[in-house]
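A closer look at the structure
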Amino acid sequence: MKNQTPTSTTNSQPVHKIRHGAVSASIWRQETDKGPLFNVTFQRSYKEKDGDTWKNSTSFGRNNLLVVSLIAARAFEWIGNQPPAKALTSRAGDYHKRR
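Residues numbered from 1 in each chain as written. Predicted model: local features only at pLDDT ≥ 70, side-chain atom pairs only at ≥ 80, totals over all residues. Heavy atoms only, no water.

Right, let's talk about the overall build of the protein chain for a bit. From N to C terminus, the protein chain includes two helices and five strands. Order of helices (α) and strands (β) in the protein chain, N terminus to C terminus: β-β-β-β-β-α-α. Within the protein chain, the fraction of its 99 residues that count as buried is 21%. Within the protein chain, contacts between residues separated by at least 24 positions form 28% of all contacts whose residues are at least 6 apart in sequence. Of the roughly 7,400 Å² that the protein chain leaves accessible, carbon and sulfur atoms contribute 52%. (Helix = DSSP H or I, 4+ residues; strand = E, 2+ residues; numbered from the N terminus. Buried < 20%, exposed > 50% of the residue type's maximum accessible area, 1.4 Å probe, protein only. Contact = heavy atoms within 4.5 Å. Areas by Shrake-Rupley, 256 points an atom, 1.4 Å probe, with all protein chains shown as cover.)

Written out as structure tokens, the structure is:
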């Protein structure tokens, strides 16, 4: 993809954003008792008819769908590369010890 930029980890900002042209994905992190949970939102930027005002939409036309799927794959990969939560790692270790 063209741009992939990490952003701050506050709840009001995505932890990572992936953009390709007018389509972007924002990855959000939520802390839970079982470790971090990630959610992804997709948006498309466009200019109003006046040509000066930028807006965002969450609907996509046929020409955007392949880009959405590629960005979704990048988001999936980015989330998968995040370090596992300690609670989940220790549980997996306990599971393997019992077997």
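So that's the structure; there's more coming.
Each aromatic ring pair is summarised here by two numbers: the centre-to-centre distance and the angle between the ring planes. Tallying each qualifying case throughout the model produces one aromatic pair. Ring centres of F38 and W78 lie 5.9 Å apart, and the angle between their planes is 90°; on these two criteria the pair is classed as edge-to-face. Placement of F38 in strand 4 (residues 35-47) and of W78 in helix 1 (residues 62-80) is noted, with a sequence separation of 40 residues between them. In terms of burial, F38 and W78 fall into one category: buried. (Phe/Tyr/Trp six-rings, centres within 6.5 Å; stacked < 30°, edge-to-face > 60°.)

Next up on the list: the side chain of S45. Looking at where S45 falls in the secondary structure, it is placed in strand 4. Polar side-chain contacts of S45 include one of 3.0 Å to the side chain of N56. Not counting residues up to four positions away in its chain, the partners in contact with S45 are R19, A22, W54, K55 and N56. (Polar contact = N/O pair within 3.5 Å; in protein donor to acceptor, adjacent residues only side chain to side chain.)

Within this structure, the stated rule accounts for three salt bridges. K55 is the partner of E48 in a salt bridge, and the nearest nitrogen-oxygen pair spans 4.0 Å. Judged by relative accessible area, E48 falls into the partly exposed class, the value being 28%. Salt-bridge contacts for R74 lead to E77; the nearest nitrogen and oxygen are separated by 3.7 Å. Of this pair, R74 and E77 both sit in helix 1, separated by three residues, roughly a single helical turn. Classification of R74 by relative accessible area gives partly exposed; the value is 34%. (Salt bridge = Lys/Arg side-chain N within 4 Å of Asp/Glu carboxyl O.)

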